[in-house]
Amino acid sequence: MAYRNKVYVSMDADNDLMYYFLMKAWKQNDNTDFNFYDAHDINNIYDKSEESIKAGLRERFKNTSVFVLLVGEHTKYLYKYVRWEIEEAIKREIPFIVVNLNGKRSLDTTNCPALARDNLAIHISFNAKIMQYALENWPSSFLEKHKSGDNGSYFYKDNIYKSLGL
């Protein structure tokens with residue numbers, strides 16, 4: 001079995017790819033503490049058939065310890081890959097972080113895909129500090145809540161954001 005320490009980031013690549021690139025820039029910036037091991041660095045998928053793409057994505061999931069879903073205006077309408085990635089994360093019981101690109105700090109019922117709304121996840125705003133906090137703290141909370149059968153949507157209270165200077 002592969003060592004699972006990667007963060008799998010799912011997004012609307014047509015509209016929200018810039019946010020993923022911003023996460024990668026935060027990681028490279030010496031002035032931030034933001035860091036993650038990107039599951040997308042595991043392999044390159046050259047064959048663009050759906051079967052090959054999903055096989056490559058499954059390989060990335062084997063090394064994934066946290067699933068991050070970047071939620072923009074169109075994310076809930078994406079079924080071919082985003083919905084499939086959400087299903088894979090749920091099936092593999094991977095801690096799930098939903099990141100609202102519109103700044104909302106809790107469940108965004110307007111933009112969040114139903115599968116992400118209806119399964120155990122933490123919902124946060126798009127910001128390096130709260131994302132780092134969630135990457136460090138949510139997985140253990142997720143495992144505890146998952147074991148108890150909890151399937152709720154969670155968010156960090158304002159005091160957490162305030163303690164991070166947000």
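As the structure is a computational prediction, the values presented were derived from the model and not from experiment. Within any chain, residue numbers begin from 1 and follow the written order of that chain's sequence. Whole-chain, interface and lining totals are the exception, using all residues; otherwise, since this is a predicted model, local features are given only for residues with pLDDT of at least 70 and side-chain atom pairs are given and counted only at 80 or more. The side-chain quantities take in all heavy atoms of the structure and omit both hydrogens and water.

Trainee: Teacher, can you tell me more about the sheet that holds strand β4 (residues 121–125) here?
Mentor: Whenever strands of a sheet pair, they do so through backbone hydrogen bonds, lying parallel or antiparallel. Two strands are said to pair when DSSP picks up at least two bridges between them. Secondary structure elements follow DSSP: runs of H or I of four or more residues count as helices, runs of E of two or more count as strands, with numbering from the N terminus. Strand order in the open sheet made by the five strands is β1-β2-β3-β4-β5, with parallel pairing throughout. The open sheet has two edge strands with one neighbour each: β1 (6–10) and β5 (153–155). Going from strand to strand, the sheet's axes swing by 30 degrees on average, the running direction of each strand aside. Residue contacts are defined here by distance: any two heavy atoms, one from each residue, within 4.5 Å place the two residues in contact. The axes used here are C-alpha line fits, helices contributing only the stretch in contact, and every angle between their N-to-C directions lies in the interval 0 to 180 degrees. Helix-sheet contacts for helix α5 (residues 128–147) involve β1, β2 (64–71), β3 (96–100), β4 and β5, and the interaxial angle to β4 is about 165 degrees.

Trainee: Looking at this model, I keep getting lost on the pattern of salt bridges. Mind explaining?
Mentor: Where charged atoms from two side chains of opposite charge come close, those side chains can pair. Every case where a carboxyl oxygen of Asp or Glu lies within 4 Å of a side-chain nitrogen of Lys or Arg is listed as a salt bridge. This model, assessed by the stated rule, comprises five salt bridges. Close ionic contact of Glu87 with Arg83 constitutes a salt bridge, the shortest N to O distance being 3.2 Å. A residue pair is termed a helical-turn pair when its members lie 3 or 4 positions apart in one helix, as Glu87 and Arg83 do in helix α3 (residues 79–91) at four residues. Classification of Glu87 as partly exposed rests on a relative accessible area of 36%. A salt bridge links Glu88 to Lys91; its shortest N-O distance comes to 2.9 Å. Of this pair, Glu88 and Lys91 both sit in helix α3, three residues apart, roughly one helical turn. Exposure is judged per residue with a 1.4 Å probe applied to protein chains only, and the accessible area is read against the type maximum: over 50% gives exposed, under 20% gives buried, and values in between give partly exposed. Residue class for Glu88 comes out buried when judged on its relative accessible area of 4%. Salt bridges linked by common partners bring Glu88, Lys91 and Arg92 together as one network.

Trainee: What am I meant to see in the side chain of Asp12 here?
Mentor: Position of Asp12 among the secondary structure elements: in the loop between β1 and α1 (17–28). Lys and Arg are tallied as positive, Asp and Glu as negative. Neither His nor the chain termini are counted. In this structure, Asp12 is buried with no salt-bridge partner, the nearest side chain bearing the opposite charge being Lys76 at 12 Å. N or O atoms within 3.5 Å of each other form a polar contact, as long as, within protein, one can give a hydrogen and the other can take it, and as long as residues adjacent in sequence are counted only when both atoms are side-chain atoms. Looking at Asp12, its side chain comes within polar contact range of the main-chain nitrogen of Asp14, at 3.1 Å. Excluding residues within four positions of it along the chain, Asp12 makes contact with Leu17, His74, Thr75 and Leu78.

Trainee: What's the story with α5 in this structure? I'm lost.
Mentor: Given 3.6 residues per helical turn, the α-helix brings residues three or four places apart onto the same face. A helix is expected to span 1.5 Å for every residue after the first. Between its terminal C-alpha atoms α5 stretches 29 Å, which fits the 28 Å expected from 20 residues at 1.5 Å a residue. Within the sequence span of α5, burial applies to Ala128, Ile130, Met131, Gln132, Ala134, Leu135, Trp138, Pro139 and Phe142. Its side-chain oxygen at 2.8 Å from the backbone nitrogen of Lys129, Asn127 defines the N-terminal cap of α5. At the C-terminal side of α5, Gly149 shows a positive phi close to 85 degrees.

Trainee: Where do I start with the environment of Glu93 in this structure?
Mentor: Mapping Glu93 onto the fold places it in the loop between α3 and β3. Contacts of Glu93, omitting those with residues within four sequence positions, involve Phe142 and His146.

Trainee: What is the right way to read the packing of helix α2 (residues 50–62) against α3 from this model?
Mentor: Any two packed helices are characterised by the angle at which their axes cross and by the distance between the axes. Where α2 meets α3, the axes come as close as 11 Å, and the angle between the chain directions of the two elements is 35 degrees. Note on packing geometry: the crossing formed by α2 with α3 is right-handed. Counted together, Glu50, Ile53, Lys54, Leu57, Arg58 and Phe61 of α2 and Lys80, Tyr81, Trp84, Glu85, Glu88 and Ala89 of α3 form the full contact between these two elements. By the definition used in this description, the sense in which the near helix is turned from the far one sets the handedness, with an anticlockwise turn below a right angle giving left-handed and a clockwise turn giving right-handed.

Trainee: Before we go on, may I ask you to explain the pairing of β2 in this structure?
Mentor: Strand residues, when the strand is regular, have side chains that alternate between the two faces of the sheet. Counting buried positions along β2 gives seven out of eight residues, so the element sits mostly inside the fold. Of the strand pairs in this sheet, β1 and β2 are connected by five bridges, and their pairing is parallel. When the bridges of β2 are listed, Val9 appears paired with Val68. In this sheet, β3 lies alongside β2 in parallel orientation, the contact comprising five bridges. For Val68, the partnering residue across the bridge sits in β3 and is Ile97.

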